Amino acid sequence: MVDATLASCPVTPRTLEAHVGASNSASERLFRGVALRHGGSFHAREDYPASWFPPGHDAEHLIQIELGRPDARTRPSHTE
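Residues numbered from 1 in each chain as written. Predicted model: local features only at pLDDT ≥ 70, side-chain atom pairs only at ≥ 80, totals over all residues. Heavy atoms only, no water.

(A) Seen up close, helix α2 (residues 25–37). With 13 residues, α2 should cover 18 Å at 1.5 Å per step; its first-to-last C-alpha distance of 18 Å lies within 8% of that length. Considered for burial, the residues of α2 that qualify are Phe-31, Gly-33, Val-34 and Ala-35. Residues of α2 that are buried make contact with α1 (2–8), β1 (15–21), β2 (41–48) and β3 (60–66). (Helix = DSSP H or I, 4+ residues; strand = E, 2+ residues; numbered from the N terminus. Expected span 1.5 Å × (residues − 1). Buried < 20%, exposed > 50% of the residue type's maximum accessible area, 1.4 Å probe, protein only. Contact = heavy atoms within 4.5 Å.)

Here you go:
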């Protein structure tokens with residue numbers, strides 16, 4: 001899904017950010033894979049502590065991906 005969204009962008013973004021629950025390992029793997037496939041770096045840190053939420057809610061991590069190499073999805077601009 002993330003790759004399809006990137007593919008539909010007129011220009012590939014440099015950075016992606018998302019908030020993910022601390023125990024949501026599936027989403028973390030998804031974003032790590034995006035970083036790997038796009039030659040980028042992956043960083044995660046606690047952004048919203050669990051104490052800010054009702055009991056039973058995990059902390060939220062901010063995931064930041066700096067996308068790397070340009071690829072075929074980057075479309076040149078055209079002037080007429």
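(B) Quick look at the pattern of salt bridges. The full count for this structure, using the stated rule, is three salt bridges. We note a salt bridge from Glu-28 to Arg-32, for which the minimum N-O separation is 3.1 Å. Placement of the pair is Glu-28 and Arg-32 together in helix α2, with a separation of four residues, close to one helical turn. Note on Glu-28: relative accessible area 24%, which makes it partly exposed. One salt bridge in this structure joins Arg-45 and Asp-47, with 2.9 Å as the shortest N-O distance. Owing to a relative accessible area of 44%, Arg-45 belongs among the partly exposed residues under this scheme. (Salt bridge = Lys/Arg side-chain N within 4 Å of Asp/Glu carboxyl O.)

(C) Structural detail: the pairing of β3. Direction of pairing for β1 relative to β3: antiparallel, over a ladder of seven bridges. Looking across to β3, one finds that His-19 is bridged to Leu-62. Pairing between β2 and β3: seven bridges, direction antiparallel. Looking across to β3, one finds that Ser-41 is bridged to Glu-66. (Pairing = 2+ DSSP bridges.)

(D) Up close: the nonpolar core. The biggest cluster of nonpolar side chains holds twelve residues, and these are Val-2, Leu-6, Leu-16, Ala-18, Val-20, Phe-31, Val-34, Ala-35, Phe-42, Ile-63, Ile-65 and Leu-67. For this core, the elements supplying multiple residues, two or more each, are α1, β1, α2 and β3. In this view, Ala-18 contacts Phe-31, His-61, Leu-62 and Ile-63; residues no more than four positions away in its chain are not counted. (Core = buried A, V, L, I, M, F, W, Y, C linked by side-chain atoms within 4.5 Å.)

(E) How the structure looks around the packing of aromatic side chains. Per the stated rule, a full pass over the model turns up one aromatic pair. Relative to Trp-52, the ring of Tyr-48 has its centre 5.7 Å away and its plane inclined at 40°; by these criteria the two rings are tilted. Under the relative-accessibility criterion, Tyr-48 is labelled partly exposed at 31%. For Trp-52, a relative accessible area of 59% translates into the label exposed. (Phe/Tyr/Trp six-rings, centres within 6.5 Å; stacked < 30°, edge-to-face > 60°.)

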